[in-house]
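What follows is each chain in one-letter form.
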Amino acid sequence: MAQRPFQAGAVVNLSDGESIKETVLVTVPRKKRFHTQYLGINGFGHPSQSLFYALHVTTRSRVGIYPIAPSGISEIDEPEFPTRYFGSQGVILYADAGSNLIFSVARKNTTGNVRVMIDICGLLVDA
């Protein structure tokens, strides 16, 4: 079974008034499966906001939604984004050939802008 390392990343920006946004993080190539092994999140927003992050992965034609829990929060000296939400974690997720891995960010309090970066790595494996 041929396999090779693979990494992808994306940025999601929520503008003032927006509550949810999704982006395609990667489309798995045909005849390959993506075995996700690790992911990292860096989010920038406001201290009064709770942000929800999730990865949508299709395995055996079924979409699973996997919430991501950042492990840290810190204040930073940045007027537009005074709070940083961050974390990384090992994960084991398998994505079907030709499927999209979708990253979503949601919030209840829609005041101000939010920027979230995600990076994932793993292996592309022959299907």
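Described in the following lines is the structure provided in the data block. These numbers come from a predicted model, not from an experiment.

## Overview of the pattern of salt bridges
Turning to step 1, where the next piece is worked out: All chains considered together, the criterion is met by two salt bridges.
Turning to step 2, where the next piece is worked out: Close ionic contact of Lys 32 with Asp 126 constitutes a salt bridge, the shortest N to O distance being 2.5 Å. With Lys 32 in strand β3 (residues 32-45) and Asp 126 in strand β9 (residues 114-126), this pair connects stretches of sequence that are 94 residues apart.
Turning to step 3, where the next piece is worked out: Judged by relative accessible area, Lys 32 falls into the buried class, the value being 19%.
Turning to step 4, where the next piece is worked out: We classify Asp 126 as partly exposed; its relative accessible area is 30%.

## Here's the deal with the sheet that holds strand β6 (residues 72-75)
Turning to step 1, where the next piece is worked out: What the five strands build is an open sheet, ordered β1-β9-β3-β7-β6; its pairing is antiparallel. At either margin of the open sheet sits one strand with a lone partner, and together these are β1 (3-14) and β6. Direction aside, the axes of adjacent strands within the sheet are offset by 15 degrees on average.
Turning to step 2, where the next piece is worked out: As judged from the four bridges shared by β6 and strand β7 (residues 83-95), these two strands associate in the antiparallel manner. Note on β7: the bridge partner recorded for Glu 75 is Thr 83.

## Quick notes on the pairing of strand β5 (residues 62-68)
Turning to step 1, where the next piece is worked out: Bridge count between strand β4 (residues 51-59) and β5: seven bridges; the pairing is antiparallel. For Ala 54, the partnering residue across the bridge sits in β5 and is Pro 67.
Turning to step 2, where the next piece is worked out: Hairpin geometry of β4 and β5 is characterised by an intervening segment of two residues between the two adjacent antiparallel strands and by a positive phi of about 55 degrees at Arg 60.

## A word on the packing of aromatic side chains
Turning to step 1, where the next piece is worked out: Under the criterion given, the structure shown has two aromatic pairs.
Turning to step 2, where the next piece is worked out: Arranged with centres 5.3 Å apart and planes meeting at 80 degrees, the rings of Phe 6 and Phe 34 form a pair that is edge-to-face. Placement of Phe 6 in strand β1 and of Phe 34 in strand β3 is noted, with a sequence separation of 28 residues between them.
Turning to step 3, where the next piece is worked out: According to the relative accessible area criterion, Phe 34 is buried, its value standing at 0%.
Turning to step 4, where the next piece is worked out: Seen in terms of ring centroids, Tyr 53 and Phe 103 are 6.4 Å apart; in terms of plane orientation they differ by 5 degrees. Their pairing is stacked. With a gap of 50 residues between them, Tyr 53 in strand β4 and Phe 103 in strand β8 (residues 100-107) connect regions that are remote in the sequence. Just as Tyr 53 is buried, Phe 103 falls in that class too.

Thresholds, definitions, all that
- Along each chain, numbering runs from 1 in the same order as the chain's sequence is written.
- Confidence filtering applies because this is a predicted model: local features only for residues at pLDDT of at least 70, side-chain atom pairs given and counted only at 80 or more, and all residues used for totals across whole chains, interfaces and linings.
- Only hydrogens and water are set aside; all other atoms, that is, all heavy atoms of the structure, feed into the side-chain values.
- Salt bridge criterion: a side-chain nitrogen from Lys or Arg within 4 Å of a carboxyl oxygen from Asp or Glu.
- Counting from the N terminus, the helices are DSSP H or I runs at least four residues long and the strands are E runs at least two residues long.
- In this scheme, a residue with accessible area under 20% of its type's maximum is buried, one over 50% is exposed, and one in between is partly exposed, where area comes from a 1.4 Å probe on protein chains only.
- A pair of strands is considered paired only if DSSP assigns at least 2 bridges between the two.
- Axis definition: a line fitted to C-alpha atoms, over the contacting stretch in the case of helices. Angles run 0 to 180 degrees between N-to-C directions.
- Any two of the Phe, Tyr and Trp rings considered here, Trp counted by its six-membered ring, make a pair once their centres fall within 6.5 Å; the pair's planes then place it as stacked at under 30 degrees, edge-to-face at over 60, or tilted in between.

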